[in-house]
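Listed here are the chains, written in short residue letters.
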Amino acid sequence: MGTNKISGAEAVIRCLLEEGVDLVYGYPGGAIMPVYDELYKFKDQLHHVLVRHEQGATHAAQGFARATGKVGVAIATSGPGATNLVTGIADAQIDSTPMVCITGQVGKHLLGSDAFQETDIIGISTPVTKWNYQITEASEIPEIIAKAFYIAKSGRPGPVLIDITKNAQFDEIEFSYKKCTSIRSYNPKPTLNLEKVKEAAELINNAKKPFIIFGQGVILGEAEEQLKALVEKSGIPAAWTILGLSAMPTDHPLNVGMLGMHGNYGPNVLTNECDVLIALGMRFDDRVTGNLATYAKQAKVIHFEIDPAEIDKNVKTTVAVLADVKESLTALLPFIESKTHESWHNKFKELYKIELESVINEELKPTNDKGISMGETIEMINKHSKGDAIMVSDVGQHQMFACRYAKFNSTKSNVTSGGLGTMGFALPAAIGAKMGMPDREVVAIIGDGGFQMTIQELGTIFQTKVPVKIVVLNNEFLGMVRQWQQLFFDKRYASTEMINPNFIAIAEGYYIKAKKVTKREDLDAAVAEMMASKESYFLEVMVEKENNVFPMIPTGASVSDIRLS
């Protein structure tokens with residue numbers, strides 16, 4: 001054996017270390033065992049977290065990526081191990097999360113023979129990955145893993161899956177590693193066209209009612225400072241998509257709130273009154289636009305976007321600025337005139353007052369004859385976090401309440417499943433977020449339904465001692481589906497009522513400190529105790545069973561048809 005020769009499995013670990021990876025999530029099995037054997041040898045340099053289900057590995061890697069801006073890494077074996085990653089991969093794809101998944105595969109000579117635990121994970125994952133590749137020779141490992149990290153992180157980020165046959169893990173190679181910095185015919189960062197920037201500036205400067213809507217692209221492009229500078233110089237009101245939340249502090253005077261189905265009243269109604277709509281790093285998702293036939297038809301639309309596939313896909317643009325958003329906003333700022341748009345701002349304030357009186361006050365300060373509301377629980381967390389926590393929400397009513405009422409002072413603070421809407425996301429994602437940002441408080445906000453989809457990850461918390469705070473808002477229903485059934489299906493609550501177990505006993509079974517709140521007067525002290533805890537903490541809050549999230553844009557309706565009740 002040559003002195004510089006190492007196995008393919010060791011090459012995998014050395015590649016990860018070369019990419020600066022020090023934390024991976026995964027679950028071992030037969031086809032990936034050689035890599036796990038090397039992980040054991042490198043455990044001082046590369047920390048592996050054993051999850052309780054492979055889906056948990058992808059969501060934890062996502063939480064890590066979203067909170068840190070780095071690439072998350074998940075590892076699994078072949079067959080069911082690989083297919084269990086698919087939900088998290090699909091989630092990462094639609095939410096543009098940089099992730100590299102490594103799966104084991106049967107030996108090259110067995111491919112296509114229906115061998116034990118063989119599935120065509122390349123075929124299965126092709127629609128939901130930014131790129132995937134099957135390695136069948138050890139010599140391919142360094143180049144392909146370098147490519148994987150470059151593709152996952154560059155341009156519009158996304159998940160990459162690398163499938164490695166068992167023979168490629170055992171075979172030996174002369175190891176050398178070169179980071180990937182470009183790939184022929186892959187153009188992740190379009191070249192900025194300054195003429196388009198000037199066209200955009202002219203439209204913005206001449207607008208009487210301009211409106212900025214910003215999405216996660218601002219966070220992914222690290223353009224938060226440029227966004228703030230643009231908003232403050234131009235005086236333009238700005239609203240966010242749920243994945244754009246926290247790109248700008250929630251209490252900024254020019255931050256007018258949330259767009260979309262359960263967003264704030266003003267931003268939705270006034271989308272159909274603005275004369276220039278400036279979209280920054282967002283993709284005009286149907287939950288934001290409502291009925292496209294009636295969406296912002298009066299407005300000239302400027303779209304700042306890195307992915308050419310998103311331009312004119314849903315909303316036709318007047319000016320498209322195709323570039324990295326940080327680069328394009330930096331170029332735009334010198335051309336922008338200083339303004340205040342006071343009368344236009346007053347319209348947002350008037351509509352906010354209507355929403356405050358008819359929705360917000362009722363949600364945040366419910367009367368004593370009503371049960372605890374989800375909104376007041378989020379408000380109580382705000383009181384004790386002072387806007388400095390990372391909030392990781394699952395999917396459902398609690399998610400909408402968390403996104404509507406959470407307070408954030410800094411970016412990368414809102415971690416949630418947006419485009420795919422994956423129940424079970426929050427618990428493992430909170431583990432990843434906390435491990436990625438150990439100095440920040442991480443609070444998972446979960447419904448009683450979603451919690452039970454990945455409840456086994458309490459075992460990961462117990463084993464790793466990761467100090468996440470878990471809040472289950474328990475209304476004994478699949479609340480969001482129930483709300484729709486109430487409003488659109490004559491209260492036929494088909495299969496939405498939950499008969500739940502004793503969550504406190506389960507949490508305590510994993511040696512996690514747990515408390516249950518059923519009375520409003522106990523909420524403050526319980527949240528204070530949870531936030532002060534140096535260890536993981538489980539808090540169950542029994543909330544009102546049939547509380548609804550409003551405002552609401554019914555499916556297929558226009559943003560201006562938003563309902564307050």
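It should be emphasised that the depicted structure is a prediction, and the values quoted were computed from it without experimental measurement.

Chemist: Sorry, what's going on with the overall build of the protein chain here?
Modeler: Across its full length, the protein chain holds 23 helices and 20 strands. In terms of overall dimensions, the protein chain is globule-like: its C-alpha atoms have a radius of gyration of 24 Å, near the 24 Å expected for 565 residues. Its C-alpha atoms give the protein chain principal-axis dimensions of about 80 × 60 × 40 Å. Classification of the 565 residues of the protein chain by burial places 61% in the buried group. Contacts spanning at least 24 positions in sequence make up 77% of the contacts within the protein chain whose residues lie at least 6 apart.

Chemist: How should I be thinking about the UniProt feature "domain: Thiamine pyrophosphate enzyme central" (unreviewed entry) in the protein chain in this particular structure?
Modeler: The sites that carry the UniProt feature "domain: Thiamine pyrophosphate enzyme central" (unreviewed entry) are, in the present numbering, residues 197-332. The span residues 197-332 shows a helical share of 32% and a strand share of 20%, and its end C-alpha atoms are spaced 6 Å apart.

Chemist: Explanation requested: the packing of helix α9 (residues 194-206) against helix α14 (residues 325-332) in the structure shown.
Modeler: Angle between the axes and distance between the axes: these two values describe a pair of packed helices. The geometry of α9 relative to α14 is characterised by a closest axis approach of 9 Å and an angle of 60 degrees between their N-to-C directions. Put simply, α9 runs oblique to α14. Every pair of crossing elements has a handedness; the one defined by α9 and α14 is right-handed. In this structure, α9 uses L194, V197, A200, A201 and I204 to contact α14, whose residues at the interface are S328, A331 and L332. Each residue belonging to the contact of α9 with α14 can be placed in one class, and the counts come to 7 nonpolar, 1 polar and no charged.

Chemist: Would you mind showing me how to read the pairing of strand β12 (residues 276-280) here?
Modeler: Successive residues of a regular strand alternate their side chains across the two faces of the sheet. Of all 5 residues that make up β12, 5 are buried, and the element is covered over most of its length. Residue alternation in β12 divides its side chains into two sets, V276, I278 and L280 and L277 and A279, and both sets are buried. Of the strand pairs in this sheet, strand β9 (residues 210-214) and β12 are connected by 5 bridges, and their pairing is parallel. If you follow I212 over to β12, its bridge partner there is I278. Two strands pair when backbone bridges link them, and β12 and strand β13 (residues 300-305) are joined in this way by 5 bridges, in the parallel orientation. The residue bridging I278 from the neighbouring strand is I302, located in β13.

Chemist: Which parts of the structure should I look at to understand helix α2 (residues 33-41)?
Modeler: Quick reminder: α-helices carry 3.6 residues per turn. Residues three or four places apart thus point the same way. Every buried residue of α2 is accounted for by P34, V35, Y36, E38 and L39. The secondary structure elements touched by the buried residues of α2 are β1 (5-7), α1 (8-18), β2 (23-26), β3 (47-50), β4 (72-76) and α8 (166-170).

Chemist: Would you explain the sheet that holds strand β17 (residues 442-447) in this entry?
Modeler: Note: strands within a sheet are paired through backbone hydrogen bonds, in either parallel or antiparallel orientation. Taken in spatial order, the 6 strands make up an open sheet running β16-β15-β17-β18-β20-β19, and their pairing is parallel. The outermost strands of the open sheet, each flanked by one partner alone, are β16 (414-416) and β19 (513-517). Averaged over all adjacent pairs, the angle separating strand axes in this sheet is 20 degrees, with direction ignored. In this structure, strand β15 (residues 390-393) lies alongside β17, joined through 4 bridges in parallel fashion. In the sheet register, M391 faces β17, and the bridge partner there is V443. Its contacts with the sheet put helix α23 (residues 523-532) on β17, β18 (469-474), β19 and β20 (537-542), and the angle it makes with β20 is roughly 160 degrees.

Chemist: Help me out: how do you make sense of the sheet that holds strand β6 (residues 131-135) in this one?
Modeler: The parallel open sheet is built from 6 strands, whose spatial order is β3-β2-β4-β5-β7-β6. The sheet is open, and its two edges are formed by β3 and β6, each paired on a single side. Strand after strand, the sheet turns through a mean of 20 degrees between neighbouring axes, direction not considered. As defined by bridge partners, β4 adjoins strand β5 (residues 99-105) across 5 bridges and the pair is classed as parallel. Residue pairing for β5: G72 is matched across the bridge by M99.

Chemist: Explanation requested: the side chain of H345 in the structure shown.
Modeler: Position of H345 among the secondary structure elements: in helix α15 (residues 342-364). A residue is classified by how much of its surface remains accessible, and H345, at 9% relative accessible area, is buried. With residues up to four places along the chain from it excluded, the contact list for H345 reads G235, I236, P237, L254 and T340.

Chemist: Any chance you could explain empty space enclosed by the protein here in plain terms?
Modeler: Inspection of the entire model under this criterion finds 2 cavities of 30 Å³ or more. Reported here for the largest cavity is a volume of approximately 200 Å³. Lining the largest cavity are 19 residues, and of these R66, Q216, I219, L220 and K412 lie nearest its centre. Going through the elements one at a time, α3 (54-68), α10 (217-220) and β16 are the ones with two or more residues in the lining of the largest cavity. By residue class, the composition of the lining of the largest cavity is 8 nonpolar, 7 polar and 4 charged. Together, I204, N205, S234, I236, I336, E337, K339 and H341 line the second largest cavity.

Chemist: Would you mind going over the domain arrangement of the protein chain with me for this structure?
Modeler: The parts lose accessible area when they come together, and the size of an interface is often stated as this lost area. Domain parsing of the protein chain yields domain 1 (5-174), domain 2 (194-348) and domain 3 (371-542). Spacing between the C-alpha centres of domain 1 and domain 2 amounts to 37 Å. Counting residues at the interface gives 7 residues for domain 1, matched by 7 residues for domain 2. The three residues of domain 1 that bury the most area against domain 2 are R66, D95 and R156, which together make up 62% of that side's buried surface.

Chemist: Even after reading the chapter, I still don't get the layout of surface pockets, so can you show me in this structure?
Modeler: The rolling of a water-molecule-sized probe over the atoms marks out the regions of remaining empty space. Taken as a whole, the second largest pocket holds about 690 Å³ of empty space. Around the second largest pocket sit 31 residues that line it, and T250, N255, V256, G257 and Y352 are the ones nearest its centre. For the lining of the second largest pocket, the secondary-structure elements that each account for two or more residues are β11 (255-258), α12 (265-271), α15 and α17 (397-405). The biggest single contributor to the lining of the second largest pocket is α15, with 10 residues.

Chemist: Sorry, what's going on with the pairing of β13 here?
Modeler: Most of β13 sits inside the fold, with 5 of its 6 residues counted as buried. In this structure, β13 lies alongside strand β14 (residues 319-322), joined through 4 bridges in parallel fashion. Residue pairing in the sheet places I302 in a bridge with V319 of β14.

Chemist: Would you take a moment to explain the packing of aromatic side chains for this structure?
Modeler: The relation between two aromatic rings is expressed through the spacing of the ring centres and the mutual angle of the planes. Tallied over the full model, the rule gives 12 aromatic pairs. Measuring from centroid to centroid gives 6.0 Å for F284 and Y295, while their planes differ by 75 degrees, and the two rings are edge-to-face. Here Y295 lies in the loop between α13 (286-289) and β13 and F284 lies in the loop between β12 and α13, a separation of 11 residues in the sequence. Of the two residues examined, F284 and Y295, each falls in the buried class. One aromatic cluster is present, built from ring pairs that chain together F211, W344 and F348. Positioned over the ring face of Y40 is K43, at 3.7 Å from the centre of the ring.

What counts as what
- Residues numbered from 1 in each chain as written.
- Predicted model: local features only at pLDDT ≥ 70, side-chain atom pairs only at ≥ 80, totals over all residues.
- Heavy atoms only, no water.
- Helix = DSSP H or I, 4+ residues; strand = E, 2+ residues; numbered from the N terminus.
- Rg over C-alpha atoms; globule rule 2.2 N^0.38 Å.
- Buried < 20%, exposed > 50% of the residue type's maximum accessible area, 1.4 Å probe, protein only.
- Contact = heavy atoms within 4.5 Å.
- UniProt positions renumbered as here; feature names shortened; annotations may be inferred.
- Axes fitted to C-alpha atoms, helices over the stretch in contact; angles between N-to-C directions.
- Parallel < 35°, antiparallel > 145°, perpendicular 65-115°, else oblique.
- Left-handed = near helix turned anticlockwise from the far one by under 90°.
- Nonpolar A, V, L, I, M, F, W, Y, C, P; charged D, E, K, R; others polar.
- Pairing = 2+ DSSP bridges.
- 1 Å grid on protein atoms, 1.4 Å probe; cavity = no way out; pocket = protein on both sides within 12 Å on 5 of 7 lines; lining within 4 Å.
- Points joined across faces, edges and corners; volume = space filled by probe spheres on them.
- Domains from an automatic or database assignment.
- Buried area = accessible area lost by both parts, 1.4 Å probe.
- Phe/Tyr/Trp six-rings, centres within 6.5 Å; stacked < 30°, edge-to-face > 60°.
- Lys NZ or Arg CZ within 6 Å of the ring centre and 35° of its normal.

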